[in-house]
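Coordinates in review
Listed below are the residues making up each chain.
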Amino acid sequence: MQWLSAENLVAVATAFLGIVASAVMVWYERRVPRRKRIGYRVQLDTPIGDGRQTSRTSRRDGWFDSAPGMTHARMVLLRIENDGSQTIGPGDYQGPGNHGLTVEFGDRTILGVSVTQPSATSHLLEHFTRERGFGYHGGTLRLPRVPLNRGAYYKLLVLLSGGNGDDEVQVSGDLSEGELHRNRSATPDEKAPLFSRAARLITITLTLCVIGLAVIVVLQDRPPIGCRGGTLTLTGSTAFEPVLRQAAGQYMEDCEEHDPHIEVDPHGSTAGIRDLAAAGAEEDDGTPPVLALSDGPRPSGLSGLRETRVAVSVFSLVVNEAVGLTNLSTTDVRRLYRGEIANWSELGGSDLPVHLVSRDANSGTRQVFQRRVLGRGEIAHSSVDCLHKDDPTAPVIRCELDSTEQVLDAVAEIPGAIGYSEHNLATRAQGLHRLDLDGEPPSVDAIEKGRSSYPYREIEYAYTYGQPPADSLTSSFLEYLTRGTGQEVIRTHGHLPCWAPTGQRLCGRDRP
């Protein structure tokens, strides 16, 4: 299947990698390692004395200035937390005494300790008793065997005096099948990191994935590496002419250094295919530099042609503004084109005679209309100027014109006229409007999203005579049109590229 192309697989893999990276990091943070872990953070360690031991100065008053031992005092805020994946019970502490952890403050002397717990936790403070090992002496603080659920914590505010202000706070203790470790914690004088290490890693991973995906998209939108020089004629469908002109112009600009010359000369799908077949028959060796675009498959009997599906094209029935109708049933359209309705008032429209403005027999747009909507051919034409009957016995006026633009101009000028056109060209025309069929509007978007069964649509085919050489301008431009920048040109003009994910499905399903 075409959706299993290399670029699609790489794009999906890149997106999948980004999702997996996020999931793995969250899982790692919460579940790995699966051990009992107690972490501690020194959240505050600041002098509140007279500043003679450090370069810091402070102004003190009241109790801070008069209490004994406050000359070289410091405040330390310590957080003890369970940051592992399992609950810690009293029996998990492994030590010789009845206490669980020991905190050392170096040469400093402990003057007092205050223990706080989160407001949502009510049982921790009851463990901080002398009987359970809580107490301090000198610069050593002993903590009881406090049970901690996953994520639970308590805090210690310790008042110290004397010693070296640079002494580091150390917490020690043993856990059964677990570990005790110090966690990084920003002090009040430090700037907290904007992102955690895990968040930074996730962000970097996702950013690289997005950049990789963007590079893939950019590379896919670049012109084909195999730009070629030479000459090429684009012929066939007049409905597809705007796409061909813009794509040919962009190719010649992108590949200017190779000096390619592409001529756009459309004069109908059937005529273009027959011209290609004739050029191929005259070619002694190889493939003629001709690419024919057709609204629908080639006529039978031309087995030497090689087809490439390019796009899904949508067509529209158009009527003069004076008709006064916006929707027709398929049954009524068939009655119109069998000559059974001569005046629009018979269908609830204005009192105007019906003028059928059609394309010539070489038109792919006409053939699609006959195949997809009418289910048969149109009646014989009865007028040259689309205004007067050349055959008085004809039931209605019907004329044939050579191009889509001529049809749109005639419908816009003649009150009571109806015709058909490529959808995007009809959208831009003045003096007329498009008709819905059986209540379904001619919408490329609705068809692409599977919300519409609008019938007047067809696959646009590109035909070459046999297989063009890989190093030829014909092969290079065809690749450019179907898989390169030409895909955006196709979309710009209201068609759906066959190499788009939805286009692949529709181009396969709608193929006759």
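Keep in mind that what you see is a predicted model, and the values were worked out from it rather than measured.

**A closer look at empty space enclosed by the protein**
Counted according to the given criterion, the structure contains 2 cavities of 30 Å³ or more. Taken as a whole, the second largest cavity spans an internal volume of roughly 30 Å³. What lines the second largest cavity is Ala239, Pro242, Val243, Glu422, Asn424, Leu425, Arg428, His493 and His495. Counting residues per element, the ones that place at least two in the lining of the second largest cavity are helix H4 (241-254) and helix H9 (423-428). Broken down by element, the lining of the second largest cavity gets its largest block of residues, 3 residues, from H9. Looking at side-chain class alone, the lining of the second largest cavity contains 4 nonpolar, 3 polar and 2 charged residues.

**Describing the nonpolar core**
Formed by 47 residues in total, the largest nonpolar core has its most connected members in Tyr337, Trp344 and Ile418. The leading source of residues in this core is strand S13 (residues 305-320), at 6 residues. Residues within four places of Tyr337 in sequence aside, it is in contact with Leu317, Leu356, Ser358, Phe369, Leu374, Glu378, Ile379, Ile418, Gly419 and Tyr420. If you look at the next biggest cluster of nonpolar residues, it comprises 28 residues, including Ile88, Phe128, Leu141 and Leu143.

**Overview of the pattern of salt bridges**
Applying the stated criterion across every chain, the model contains 23 salt bridges. As a salt-bridge pair, Asp83 and Arg37 come within 3.7 Å of each other at their nearest N and O atoms. One end of the pair, Asp83, is in the loop between strand S2 (73-82) and strand S3 (101-104); the other, Arg37, is in strand S1 (residues 36-47), with 46 residues separating them in the sequence. Residue Asp83 is classed as partly exposed on the basis of its relative accessible area of 23%. Using a relative accessible area of 18% as the deciding quantity, one classes Arg37 as buried. Several salt bridges share partner residues, and in doing so they unite Asp332, Arg335, Arg338 and Glu340 into one network.

**Re the packing of aromatic side chains**
Following the criterion strictly, the structure yields 11 aromatic pairs and no others. Here Tyr461 and Tyr463 contribute two aromatic rings whose centre-to-centre distance is 5.9 Å and whose plane-to-plane angle is 25 degrees, an arrangement assigned as stacked. The pair formed by Tyr461 and Tyr463 is uniform in burial state, with each residue classed as buried. Site record: aromatic cluster; members linked through ring pairs are Phe315, Tyr337, Phe369, Tyr420 and Tyr456. Here Arg79 stacks its cationic end above the ring of Tyr153, 3.7 Å away from the centre of that ring.

**Side note on H4**
Under the 1.5 Å per step criterion, the end-to-end length of H4 is 20 Å for 14 residues, consistent within 8% with the ideal 20 Å. Taken together, the buried positions of H4 are occupied by Glu241, Pro242, Val243, Leu244, Ala247, Ala248 and Tyr251.

**A look at the packing of H4 against helix H11 (residues 473-483)**
Here H4 crosses H11 at 115 degrees, and the two axes come no closer than 11 Å. In this view, H4 runs roughly perpendicular relative to H11, as classed from their interaxial angle. Remark: the crossing between H4 and H11 carries right-handed chirality. Taken together, the residues of H11 that come into contact with H4 (itself represented by Val243, Ala247, Ala248, Gln250, Tyr251 and Asp254) are Leu473, Ser476, Phe477, Tyr480 and Leu481. In terms of residue class, the contact of H4 with H11 is made up of 8 nonpolar, 2 polar and 1 charged.

About the cut-offs
- Residues numbered from 1 in each chain as written.
- Predicted model: local features only at pLDDT ≥ 70, side-chain atom pairs only at ≥ 80, totals over all residues.
- Heavy atoms only, no water.
- 1 Å grid on protein atoms, 1.4 Å probe; cavity = no way out; pocket = protein on both sides within 12 Å on 5 of 7 lines; lining within 4 Å.
- Points joined across faces, edges and corners; volume = space filled by probe spheres on them.
- Helix = DSSP H or I, 4+ residues; strand = E, 2+ residues; numbered from the N terminus.
- Nonpolar A, V, L, I, M, F, W, Y, C, P; charged D, E, K, R; others polar.
- Core = buried A, V, L, I, M, F, W, Y, C linked by side-chain atoms within 4.5 Å.
- Buried < 20%, exposed > 50% of the residue type's maximum accessible area, 1.4 Å probe, protein only.
- Contact = heavy atoms within 4.5 Å.
- Salt bridge = Lys/Arg side-chain N within 4 Å of Asp/Glu carboxyl O.
- Phe/Tyr/Trp six-rings, centres within 6.5 Å; stacked < 30°, edge-to-face > 60°.
- Lys NZ or Arg CZ within 6 Å of the ring centre and 35° of its normal.
- Expected span 1.5 Å × (residues − 1).
- Axes fitted to C-alpha atoms, helices over the stretch in contact; angles between N-to-C directions.
- Parallel < 35°, antiparallel > 145°, perpendicular 65-115°, else oblique.
- Left-handed = near helix turned anticlockwise from the far one by under 90°.

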